[in-house]
Amino acid sequence: MKNPKEELTYLMIKPDGVRKGLIGEIIRRLEQRDLKIVALEMFQPTLEQIDEHYPKDETWIARLGQKTFKTCEKYNVSPKDEFGTDNELEMGKLVRGWLVNYMVSAPLVKMIVQGTHAVDMVRKIVGPTLPNLAEMGTIRGDFSVDSPLIANAEHRAVMNLAHASETPEEAAHEIEHWFGKDAVHAYKRFGVDE
Ligand code: UDP
Ligand code: MG
């Protein structure tokens, strides 16, 4: 087994995170939990790079639609009346298009994060997808109030400040996509590695 302290994940500060001045706050919250930033860069992505970043399979796209419908259910809104469809895949396709446009609307900050259970830890710190459902204490819960009900009505993606890989497989794929091979800088954190 690989050293569990060396698990890697990928985090990207989204346009709203950059524009709200949250770069430092987001990095602070990661480092506070003994996670190590081992690669870091600000950059302007192309539409094509973002399109390749997000999965294209129908299961993933339908899941985007499902997330909208979960909010509709909670707030007793009819997706058909509000957004013209109650089909998850159709809703997901719309959301994916808005998402790609949103992600190129400002520079992003990309990083590789290393540490014990890095994938799950970073997801926990970032919080669940929809800020309207994210708990206080998470980045998404503390700094955003966005909801698919508002976002869809405005034909845009839900702005939730940061992207974080959901599984080690997704992390490996995203690290390779955004950084290529051998981008990790090795160093020892005081009190963590020694
Ligand atoms: N998204 C959206 N509307 C939705 C669900 C998702 O605009 O109803 C956007 C949101 O910005 C999210 C991204 O699509 O971060 C990718 O969705 P995913 O399900 O992978 O959520 P994440 O992994 O970012 O929590
Ligand atoms: Mg995701």
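In what follows, the structure referred to is the one given above.
From a predicted model like this one, the values you see are computed outputs, not experimental measurements.

**Student:** Talk me through the sheet that holds strand S4 (residues 162-164); I want residue IDs and the actual numbers.
**Tutor:** What links the strands of a sheet is backbone hydrogen bonding, and the strands pair in either a parallel or an antiparallel sense. Pairing is antiparallel across the open sheet formed by four strands, whose spatial order is S2-S3-S1-S4. Two strands lie at the open edges of the sheet, namely strand S2 (36-43) and S4, each paired on one side alone. Neighbour to neighbour, the strand axes of the sheet diverge by 15° on average, direction disregarded. Where strand S1 (residues 8-13) and S4 come together, three bridges link them in antiparallel fashion. When the sheet's bridge partners are listed, Leu11 is paired in S4 with Ala164. Docked against the sheet, helix H2 (residues 23-32) engages S1, S2 and strand S3 (108-114), running at close to 165° with respect to S2.

**Student:** So what's going on with the pattern of salt bridges? Which residues, and what values?
**Tutor:** The final tally for this structure, using the stated rule, is 13 salt bridges. The closest approach of N and O atoms between Asp142 and Arg29, which form a salt bridge, is 3.0 Å. Taken as a pair, Asp142 in helix H8 (residues 139-143) and Arg29 in helix H2 lie far apart in primary sequence, 113 residues in all. With its nearest N and O atoms 3.1 Å apart, the salt bridge here joins Glu176 to Lys181.

**Student:** Could you give an account of the nonpolar core, with specific residues and numbers?
**Tutor:** With 27 residues, the main nonpolar core has Met12, Ile50, Leu99, Met103, Ile112, Trp178 and Phe179 as its most contacted residues. Among the elements of the structure, S1, S2, helix H4 (58-74), helix H6 (88-103), S3 and helix H10 (168-179) are those that each provide at least two residues to this core. For Ile50, the residues in contact, after removing those within four places along its chain, are Pro45, Val100, Met103, Val104, Leu108 and Trp178. One finds Leu22, Ile27, Val122 and Leu161 within the second-largest nonpolar core, a separate group that totals 20 residues.

**Student:** Break down the site of ligand 1 for me, with residues and values.
**Tutor:** Near ligand 1, the surroundings consist of 16 residues, among which Lys67, Thr68, Arg123, Thr129 and Val158 are the closest. Between ligand 1 and Lys67, the relevant distance is 2.8 Å, taken from an oxygen atom to a side-chain nitrogen or oxygen of the residue. Between an oxygen atom of ligand 1 and a side-chain N or O atom of Thr68, the distance comes to 2.8 Å. For ligand 1, the accessible surface in isolation is 500 Å², of which the surrounding protein chains cover 99%. Secondary structure elements with two or more residues in the shell around ligand 1: H4 and H6.

**Student:** Give me helix H7 (residues 118-126): which residues, what numbers.
**Tutor:** Listed as buried for H7 are Ala118, Val119, Val122, Arg123, Ile125 and Val126. Down the axis of H7, the smallest arc covering the buried residues is 165°, so these residues share one side. In H7, the exposed positions angled more than 90 degrees off the buried face are occupied by Asp120 and Lys124. With its phi angle positive at about 95°, Gly127 sits one or two positions after the end of H7.

**Student:** Mind laying out the packing of H4 against H6, listing which residues take part and the relevant values?
**Tutor:** H6 packs onto H4 with a crossing angle of 95° between their chain directions and a minimal axis gap of 7 Å. On the basis of the axis angle, H4 is roughly perpendicular to H6. Only Glu88, Leu89, Met91, Gly92, Lys93, Val95, Arg96 and Leu99 of H6 make contact with H4, whose side of the interface consists of Glu58, Trp60, Ile61, Ala62, Leu64, Gly65, Gln66, Thr68 and Phe69. Of the residues that constitute the contact of H4 with H6, the class distribution is nine nonpolar, four polar and four charged.

Conventions and cut-offs
Residues numbered from 1 in each chain as written. Chains lettered and ligands numbered in written order. Predicted model: local features only at pLDDT ≥ 70, side-chain atom pairs only at ≥ 80, totals over all residues. Heavy atoms only, no water. Pairing = 2+ DSSP bridges. Helix = DSSP H or I, 4+ residues; strand = E, 2+ residues; numbered from the N terminus. Axes fitted to C-alpha atoms, helices over the stretch in contact; angles between N-to-C directions. Contact = heavy atoms within 4.5 Å. Salt bridge = Lys/Arg side-chain N within 4 Å of Asp/Glu carboxyl O. Core = buried A, V, L, I, M, F, W, Y, C linked by side-chain atoms within 4.5 Å. Buried < 20%, exposed > 50% of the residue type's maximum accessible area, 1.4 Å probe, protein only. Near = heavy atom within 4 Å. Polar contact = N/O pair within 3.5 Å; in protein donor to acceptor, adjacent residues only side chain to side chain. Areas by Shrake-Rupley, 256 points an atom, 1.4 Å probe, with all protein chains shown as cover. Arc of directions from axis to C-beta. Parallel < 35°, antiparallel > 145°, perpendicular 65-115°, else oblique. Nonpolar A, V, L, I, M, F, W, Y, C, P; charged D, E, K, R; others polar.

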